[in-house]
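So you can see what is in the structure, the chains are spelled out below.
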Amino acid sequence: MSYKRFTLLCLSAACMLGPALSAAADAKPPRLVLQITVDALRGDLPRRYAHVLGDGGFRYLMQQGIDYTNANYQHANTETIVGHVSLATGTVPAAHGMVANVWYDREKKRLTYNIEDPRYHLLTAGADVDQATEIDPTQRAAKVDGRSPDAILSSTFSDELAVHFNGKSRIFAVSVKDRGAVSLAGHAGKAFWFSKSSGEFVTSTYYYEQYPEWVTAWNARKPAMAYAGESWALIYPSSKYVFGNADDREYETDFPGFGRTFPHPYGAADDKYFTTRLTLSPAGDALTLDFAKTLLDKEQLGQDDVPDYLAISFSSTDYVGHLFGASSLESEDNLAHLDRTLADLLAYVDKKVGLANTLIVLSADHGQPEVPGHLHELGIEDAHYFDTKTLDKTPAIVALKKRFGVGEELIEAFFQPYVYLNHDLIRDKGLDQAEVEKAVAAELEKFDGVSTAVSSTALRTASLRDTLLMRSILRNFYQKRSGDIYVVFEPDVFINDFDGLTVASTHGSPWRYDTYVPVMFAGAGLQPRTLSRPVTPYDIAPTLAAWLGVKPPSGAIGTPLPEVLGN
Ligand SMILES: [Zn+2]
């Protein structure tokens, strides 16, 4: 029962007549808030692949919980840190400031990774990103090993929980991705993530001066090594799957040693891509689960009357989607594995805390597109990759040179979705910033596959057409970090070059396949419902806050969901 409902109860005669001991006892808040994020889980996927689901995982959430089937982000840049921080804070990047996985820092004159922080080093030596083997281009942008939530500008639900209960709530977040954990732990909680370099779960000095004993013990057990020489194999016979007869397709990524078909070998423990392959498969989620279960037990979450918080972000669905696409045997089987992982987690939480004492919410940081090659097979020809290497930029450069006397030098940096102009050059040449922005945007819009290029001056001065797309770009705009021009590709068009590694699909667009995510609440005595009315993932943090009678995060724009609060 929520505090809200207790308040309502207190308006009843029984409460006014005297101290309603039984009502007060009933009104205990959940002992644990469990926030599950599945990286890149598009809203349709649990239902689309329902034939590979068992009991106790997604089926529990969809059938025993409150399932919002029409939830969409309303910001333009549907990337990992942007979505995770939106889940944590209940607001848009314009308020929380995390406008992209990577932005250009104008003071440092270099690209910066969202949660890098030179002040807080990793606690494990040698756990830093290995530039030689790291395949995540955003991770490769980081210049230092340190990590912290410093760049997150608004408070998170977990921060508000810490404030409300005066530091007595135990607050943790776990993920394979550092940004999947640091985001949800907020400024007050503790975050752990997987280091591909060391094969261990690590943290930074922002959180700890030394590891808790149980973390050292978990890492000493070397659970990742159990996968050496093993493979990712199908759970079911191939006839069970929609894509059972379509394993090998030329547009899937042929990652070294992993291949395009089942079984996908992880390789030997000393292979340089061994731990990377774990993250590209359900093994990454299985390791996250194992670590999270140990954490729940050793940190004694949910064991007293002060509510605790555990956020778990499962990253495998995202990497599998990037490599093979949402419509692939790999994605279909990954969902089957994820479903078993969730069932295992929920059974464990039930045993340790009780699902009746746990408020569960599951969502995703963004969705994902379909692979153009797959759409071509179905006769949808317009889908294609936007190839920056073969792009002929000459006419654009010539046009800018003719008008301003300078061409390519006007562009200081491009990291999706923003183009950053060279402000010093514009000033030195005595050019008008707004005019240059407008001209560059106009040239960008001429490229085949570019839908819209929006200048930031136009955003700041609100001189734009009032469309949903423009609003989503505006919601993404934070002056100190956003670039000068926001580039939107047409639907089903995207860059698939992952810093040298060609992948099958990339999310990040403002289109519906990237904004559409599940929002499911369960546990804590919620009555099952399925709702198709539009909601947003920004509603989650204010809903958790309202449930506990905690004030909403500082930038929250979402609305507490009445069905969850029992209204
Ligand atoms: Zn991704």
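For the structure itself, look to the data block above.
Predicted model only: the values in this text are computed from it and were never measured. (Residues numbered from 1 in each chain as written. Predicted model: local features only at pLDDT ≥ 70, side-chain atom pairs only at ≥ 80, totals over all residues. Heavy atoms only, no water.)

Considerations on the overall build of the protein chain
So, point 1. Broken down by element type, the protein chain carries 23 helices and 21 strands.
So, point 2. Relative to its length of 567 residues, the protein chain is compact, with a C-alpha radius of gyration of 24 Å against a globular reference of 24 Å.
So, point 3. Taking the principal axes of its C-alpha atoms as reference, the protein chain extends roughly 80 × 55 × 50 Å.
So, point 4. Here the protein chain has roughly 21,600 Å² of accessible surface; of this, 52% comes from carbon and sulfur atoms. (Helix = DSSP H or I, 4+ residues; strand = E, 2+ residues; numbered from the N terminus. Rg over C-alpha atoms; globule rule 2.2 N^0.38 Å. Areas by Shrake-Rupley, 256 points an atom, 1.4 Å probe, with all protein chains shown as cover.)

Some words on the pattern of salt bridges
So, point 1. Counting across every chain of the model gives 32 salt bridges.
So, point 2. Close ionic contact of aspartate 424 with lysine 109 constitutes a salt bridge, the shortest N to O distance being 3.4 Å. Of this pair, aspartate 424 sits in helix α18 (residues 423–428) while lysine 109 is found in the loop between β3 (102–105) and β4 (110–113), placing the two residues 315 residues apart along the sequence.
So, point 3. One salt-bridge network, in which partners are shared between bridges, spans Arg42, Asp44, Arg48 and Glu370. (Salt bridge = Lys/Arg side-chain N within 4 Å of Asp/Glu carboxyl O.)

So, the side chain of threonine 294
So, point 1. Mapped onto the fold, threonine 294 is located in helix α13 (residues 282–298).
So, point 2. At 2.8 Å, the side chain of threonine 294 and the backbone oxygen of aspartate 290 are in polar contact.
So, point 3. Residues in contact with threonine 294, not counting those within four places in the same chain, are Trp214, Trp218 and Arg221. (Polar contact = N/O pair within 3.5 Å; in protein donor to acceptor, adjacent residues only side chain to side chain. Contact = heavy atoms within 4.5 Å.)

Some remarks on the coordination of the zinc ion
So, point 1. Within the protein, Asp318 (OD), Asp318 (OD), His322 (NE2) and His507 (NE2) serve as the donor atoms for the zinc ion, at 2.0 to 2.5 Å.
So, point 2. Taken together, the 4 donor atoms coordinating the zinc ion and their angles of 55 to 150 degrees define a geometry best described as irregular.
So, point 3. Each donor residue of the zinc ion lies on one chain, and together they are spaced D-x3-H-x184-H. Within this pair, aspartate 318 and its partner histidine 322 are both found in helix α14 (residues 316–324), separated by 4 residues, close to a single helical turn.
So, point 4. Residue histidine 322 is classed as buried on the basis of its relative accessible area of 5%. (Donors = N, O, S within 2.8 Å, 3.2 Å for Na, K, Ca; no water. Tetrahedral: all angles 85-135°; square planar, octahedral: opposite > 155°, others 65-115°. Buried < 20%, exposed > 50% of the residue type's maximum accessible area, 1.4 Å probe, protein only.)

Describing the packing of helix α6 (residues 80–89) against helix α10 (residues 178–185)
So, point 1. At a closest axis distance of 8 Å, the pairing of α6 and α10 adopts a crossing angle of 25 degrees. Taken together, α6 and α10 sit at an angle that is classed as roughly parallel. Crossing hand, α6 versus α10: right-handed. Mapping the contact onto sequence places Thr80, Ile81, His84, Val85, Leu87 and Ala88 in α6 and Arg179, Gly180, Ser183 and Leu184 in α10.
So, point 2. Grouping the constituent residues of the contact of α6 with α10 by class yields 5 nonpolar, 4 polar and 1 charged. (Axes fitted to C-alpha atoms, helices over the stretch in contact; angles between N-to-C directions. Parallel < 35°, antiparallel > 145°, perpendicular 65-115°, else oblique. Left-handed = near helix turned anticlockwise from the far one by under 90°. Nonpolar A, V, L, I, M, F, W, Y, C, P; charged D, E, K, R; others polar.)

Re the sheet that holds strand β13 (residues 411–415)
Two modes of strand pairing occur in sheets, parallel and antiparallel, and in both the strands are linked by backbone hydrogen bonds.
So, point 1. In spatial order, the strands read β13-β14-β16-β15; together these 4 strands make up an open sheet with antiparallel pairing. Whereas interior strands pair on both sides, the edge strands pair on one side only; in this sheet they are β13 and β15 (450–455). Strand-to-strand twist in this sheet, taken as the mean axis angle between neighbours without regard to direction, amounts to 20 degrees.
So, point 2. Of the strand pairs in this sheet, β13 and strand β14 (residues 418–421) are connected by 4 bridges, and their pairing is antiparallel. Along β14, the bridge assignment pairs phenylalanine 415 with tyrosine 418.
So, point 3. Against the sheet, helix α19 (residues 433–445) engages β13, β14, β15 and β16 (485–489), with an angle of about 175 degrees to β15. (Pairing = 2+ DSSP bridges.)

Quick word on the pairing of β4
So, point 1. Relative to β4, β3 runs antiparallel, the two sharing 4 bridges. Bridge pairing in β4 links tryptophan 103 to threonine 112.
So, point 2. Following β3, the chain reverses through 4 residues before pairing antiparallel with β4; lysine 109 in that reversal takes a positive phi of roughly 55 degrees.

Let's talk about unusual backbone geometry
So, point 1. Here the residue pair phenylalanine 262 and proline 263 is connected by a cis peptide bond, since its omega of -10 degrees sits within 30 degrees of zero.
So, point 2. Topologically, proline 263 is positioned in the loop between β8 (231–232) and β9 (264–265).
So, point 3. Backbone geometry places asparagine 166, a non-glycine residue, at a positive phi of 50 degrees.
So, point 4. On the secondary structure map, asparagine 166 appears in the loop between α9 (157–164) and β5 (171–175).
So, point 5. Taking relative accessible area as the criterion, asparagine 166 reaches 62% and is therefore assigned exposed.
So, point 6. One non-glycine residue, alanine 524, adopts positive backbone phi at about 50 degrees.
So, point 7. With respect to the helices, strands and loops of the structure, alanine 524 is situated in the loop between β20 (516–523) and β21 (529–531).
So, point 8. Classification of alanine 524 by relative accessible area gives buried; the value is 8%.

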